[in-house]
Amino acid sequence: MIVYHGAYRLKQVKKPNTVLFSKQKIVKWERLKDFFPIVLVTHQTYSPNEKSENLTVIKVKDTEEAYWQFVNNYRSLFQIPIVAITGTSGKTTTKEMLCHILSVDKSIACTNNSNNSRTAHLHYLLSIDEDTEAAVFETAVGAPGDVRNAGKYFKPTIGIITNIGAHHLNYCKTLEGYIQAKGEICEALEQKGVLIINADDQNSGKLNLNQYKGRIIKVGIHSSCDFKARDIQYCTNGMRFIVQYEHNEYPMFVPGIGEHQVYNALAAIAAAHEMGIHFHEIAHQLKTFRNLNKHLQLFDGINGSTILDDTWSITTTSLEAALKVLNDVGQGKNKIAILGTITDLGSWGYIIHEQAGELIYQIGVDVLITIGEHARIMADHAVFCGLRAPAYTFNNSILVFDLLKRITDENTIILIKGDMYSKPIIELAVKLRKKE
């Protein structure tokens, strides 16, 4: 039997030809029979009447040890570049950009959209086959150890840290703990790979890289970087800029608006160049990249207004980027920001929302609207800091639409930003768009 899929939990078995590593004794075989044939690797003993011709049982001394031997042996079959991308914001965009650039002449294995759960690592590892020439995977941090664990599967040759904000503090406990969790990418690279970092990101500068023996590539705008962007300009549906590398200059265009998009592109460009793609090919591919849905997408809105839909996620890092885009694109217009709650903060929720409020005050808006009990903290603190703009706070989105119908016109631009799991924010964003 040929194995195409892997699992270590019963609920992960969703297709035939799966190898299942199970520590638990399986009693209810009817849950699996739709997915036969299956290979079961276990230290448990099964009687002959429990077996069938579509079930192969491999008895081992230690199921967990057998699992990691399988993972390590499978990964060792492939001597290809594998990129692991982590960061608070921009992971998925950078991953998609890099895959788009590489796809010009390579067969790629990659994370599906932003499905970067730790339970999917085996699935993604097994997506690499004899035709795969490179792989690009997101390695998210929900808790300390997540990136280290991903490294055990993928053994990346190139690591990217897009930026480090304040997120997942419910498990990382402190910002320092979160920075350290992101820094596990150095362990994943096993001290011999290439690490690409955003040299202009303040928290990335706090990473302890003293023990890292691999090569470091710095990308940025203001720093003296290996890959440096200059002459950054907004244009229709994207950004133009020049990449400086080793005394040479290369013009680039990347779809998607905002300076943060240039940073995403720089990381992807640096990784692609490291993998042997010439700058001219990189530039050609990059300009045909399709920006992701709900990532600062521009739409025509109610009363002739313009909508900036950024309802994919919300962190202080992405909020700062979105507010800067609102100000850059909305020059001369009435700028409205509709913001939802920042999640996964644990006991840091109040402090981080206050920090978000300070960002709002520093960058500025003409009208501030928050939706949600915790989001109200942002508005209250922005006003406390000195924000003079009208600030409206709502527990839900029901009354927001009626307010916007009264205060918007063709000279209005509306940023709506929240978490992808916030149903009220998502529904409001759709409602605000001009009906075709």
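Residues numbered from 1 in each chain as written. Predicted model: local features only at pLDDT ≥ 70, side-chain atom pairs only at ≥ 80, totals over all residues. Heavy atoms only, no water.

Draft legend 1. Structural context of the sheet that holds strand β19 (residues 412-417). The strand order across the open sheet built from 6 strands is β14-β15-β19-β16-β17-β18, with neighbouring strands paired in mixed fashion. Strands with a single pairing partner mark the edges of an open sheet, and in this sheet they are β14 (297-300) and β18 (391-394). Direction aside, the axes of adjacent strands within the sheet are offset by 20 degrees on average. Across the face of the sheet, helix α12 (residues 375-385) comes into contact with β16 (334-339), β17 (367-371) and β18 while running at roughly 150 degrees to β17. (Pairing = 2+ DSSP bridges. Helix = DSSP H or I, 4+ residues; strand = E, 2+ residues; numbered from the N terminus. Axes fitted to C-alpha atoms, helices over the stretch in contact; angles between N-to-C directions. Contact = heavy atoms within 4.5 Å.)

Draft legend 2. A look at a negative patch on the surface. On the surface, D105, D129, E130, D131, E133 and E281 cluster together into a patch of negative charge. Topologically, D105 is positioned in the loop between α2 (91-102) and β6 (108-110). Residue D105 is classed as partly exposed on the basis of its relative accessible area, which comes to 45%. (Patch = residues over 30% accessible without salt bridge, like charges linked within 9 Å, V, L, I, M, F, W, Y side chains within 5 Å. Areas by Shrake-Rupley, 256 points an atom, 1.4 Å probe, with all protein chains shown as cover. Salt bridge = Lys/Arg side-chain N within 4 Å of Asp/Glu carboxyl O. Lys, Arg positive; Asp, Glu negative; His and termini not counted. Charge placed at Lys NZ, Arg CZ, Asp CG, Glu CD. Buried < 20%, exposed > 50% of the residue type's maximum accessible area, 1.4 Å probe, protein only.)

Draft legend 3. Focus on the packing of aromatic side chains. Scanning all chains against the criterion turns up 16 aromatic pairs. Seen from their ring centres, Y67 and W68 are 5.3 Å apart, and the 80 degrees between their planes marks the pair as edge-to-face. Like Y67, the residue W68 is buried in the burial classification. Note on F137 and F154: the rings are 4.3 Å apart at their centroids and 25 degrees apart in plane angle, and the pair reads as stacked. Here the residue F137 occupies a position in strand β7 (residues 134-138), and F154 occupies one in helix α4 (residues 146-154), the gap between them amounting to 17 residues. One exposure class covers both F137 and F154, and it is buried. (Phe/Tyr/Trp six-rings, centres within 6.5 Å; stacked < 30°, edge-to-face > 60°.)

Draft legend 4. Main features of unusual backbone geometry. The omega torsion of the bond from F36 to P37 falls at 5 degrees, within 30 degrees of zero and hence cis. Examined against the element boundaries, P37 turns out to sit in the loop between β2 (18-21) and β3 (38-42). The phi dihedral of N237 is positive, around 65 degrees, even though this residue is not glycine. Mapped onto the secondary structure, N237 falls in the loop between β11 (227-235) and β12 (238-245). Residue N237 is classed as exposed on the basis of its relative accessible area, which comes to 54%.

Draft legend 5. Quick look at the state of the cysteines. All told, the structure shown has 0 disulfides when counted by the stated rule. C99 carries a free sulfur, and the closest cysteine sulfur to it, the one in C110, is 4.0 Å from it. Classification of C99 by relative accessible area gives buried; the value is 9%. (Disulfide = S-S within 2.5 Å.)

Draft legend 6. Quick look at the pattern of salt bridges. Summed over all chains, the structure comprises 15 salt bridges. Taking the shortest distance from any N to any O, the salt bridge between R148 and E184 comes out at 3.5 Å. Of this pair, R148 sits in helix α4 while E184 sits in the loop between α6 (175-182) and α7 (185-188), and the two are 36 residues apart along the sequence. R433 is the salt-bridge partner of D309, the closest N and O atoms lying 3.3 Å from each other. Of this pair, D309 sits in strand β15 (residues 306-310) while R433 sits in the segment after α14 (423-432), and the two are 124 residues apart along the sequence. Classification of D309 by relative accessible area gives buried; the value is 1%.

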